[in-house]
Amino acid sequence: MFPLYDLNRARRPALVVKALVLANALAFLLEYALGPQEVIQAFGFIPGLFFQDPFKEGYRVLTSMFLHGGLFHILGNMWFLWIFGDNVEDRMGHGRFLLFYLLGGVAAALAQGLATPFSQVPMIGASGAVSAVLGAYYLLFPRAYIITLVWFILPFTFALPAGFYLGYWAFLQFLQGLLGVPGIAFWAHLGGFLFGVLAARAFTPRWYRY
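Please read all numbers here as calculations on a predicted model, not as lab measurements. (Residues numbered from 1 in each chain as written. Predicted model: local features only at pLDDT ≥ 70, side-chain atom pairs only at ≥ 80, totals over all residues. Heavy atoms only, no water.)

## Re helix α1 (residues 15-34)
- Taking 1.5 Å as the rise per residue, α1 with 20 residues should run 28 Å; its terminal C-alpha atoms sit 28 Å apart, in good agreement.
- Residues of α1 that are buried include every one of Val 16, Val 17, Leu 20, Asn 24, Ala 27, Phe 28 and Glu 31, and no others. Burial along α1 is one-sided: seen end-on, the buried residues are contained in an arc of 115°. For α1, the exposed residues lying more than 90 degrees away from the buried face are Leu 22, Leu 26, Leu 29, Leu 30 and Ala 33.
- Where α1 is buried, its residues contact α2 (36-43), α6 (71-92) and α7 (94-115).
- The first or second residue beyond α1 is Gly 35, which carries a positive phi of 110°. (Helix = DSSP H or I, 4+ residues; strand = E, 2+ residues; numbered from the N terminus. Expected span 1.5 Å × (residues − 1). Buried < 20%, exposed > 50% of the residue type's maximum accessible area, 1.4 Å probe, protein only. Arc of directions from axis to C-beta. Contact = heavy atoms within 4.5 Å.)

Right, here's the structure in full:
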């Protein structure tokens, strides 16, 4: 199920979401201009190195969330951020949302690191931070409808409640993490999502809480 858009109009422009999309796009271009292998090795999050010396290697937790492994990788992450991020930013406010996004990325990286503490494989991508945004959306807008594309011989679109859609998405991350599906940091996705669910209220101004 692929989300096309949500039926949940934000009241204010999503300035931080747009800035994050631009920052990720510029980082992606720079990464490929300098050589992706070298950049990923230098700035990707490597759990084995981080847990040996967290202070020396801590910068990787932040830099890794602006690197991507290919065009479809960055397009997928930015698409989800674009669809779900505007309403979360609108509810939290620009400054709180930016801090929430970055902390969500940190929490996601640490979750993946704890699941694979000796790994020497660099972890990259904004998906952990974006997963935190999904967790916040799940908590704050469970009844908003997500227009979703489903392929069953022919393409169909369905309107699904965000609570169901994002809950199903989180369940898939958990299941694939348990099965050890290679190549994707599913525990980072789940860690970011749980951070979003648990922390969203704290980042929401008091007058918006309900």
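## Description of the side chain of Asn 8
- Of note, Asn 8 is situated in the loop between β1 (2-6) and α1.
- Leaving out residues up to four positions away in the same chain, Asn 8 has contacts with Asn 87, Tyr 137, Phe 141 and Ala 144.

## Observations concerning the pattern of salt bridges
- Counted under the stated rule, the structure contains two salt bridges.
- Close ionic contact of Arg 12 with Asp 90 constitutes a salt bridge, the shortest N to O distance being 3.0 Å. Of this pair, Arg 12 sits in the loop between β1 and α1 while Asp 90 sits in helix α6, placing them 78 residues apart in sequence.
- Owing to a relative accessible area of 36%, Arg 12 belongs among the partly exposed residues under this scheme.
- For Asp 90, a relative accessible area of 10% translates into the label buried. (Salt bridge = Lys/Arg side-chain N within 4 Å of Asp/Glu carboxyl O.)

## Details of the sheet that holds strand β2 (residues 145-152)
- Sheet architecture is open: three strands sit in the order β1-β2-β3, paired in antiparallel fashion. Both edges of this open sheet fall to β1 and β3 (154-161), since each of them pairs with a single strand only. Strand-to-strand twist of the sheet, defined as the mean angle between neighbouring strand axes without regard to direction, takes the value 30°.
- Pairing between β2 and β3: eight bridges, direction antiparallel. (Pairing = 2+ DSSP bridges. Axes fitted to C-alpha atoms, helices over the stretch in contact; angles between N-to-C directions.)

## Digging into the packing of aromatic side chains
- Per the stated rule, a full pass over the model turns up 16 aromatic pairs.
- Relative to Trp 79, the ring of Phe 2 lies with its centre 6.2 Å away and its plane at 15°, an arrangement referred to as stacked. Pair noted here: Phe 2 is in strand β1 and Trp 79 is in helix α6, with a separation of 77 residues, a long-range link.
- For Phe 2, a relative accessible area of 37% corresponds to the partly exposed category.
- When the centroid spacing of 6.4 Å and the interplanar angle of 10° are considered together, the rings of Phe 164 and Tyr 168 count as stacked. In this pair, Phe 164 and Tyr 168 are both assigned in helix α9 (residues 162-179), four residues apart and thus about one turn of the helix distant.
- By relative accessible area, Tyr 168 is classed as partly exposed at 37%.
- Aromatic ring contacts, followed pair by pair, group Phe 2, Trp 79, Phe 80, Phe 84, Tyr 137 and Phe 141 into a single cluster. (Phe/Tyr/Trp six-rings, centres within 6.5 Å; stacked < 30°, edge-to-face > 60°.)

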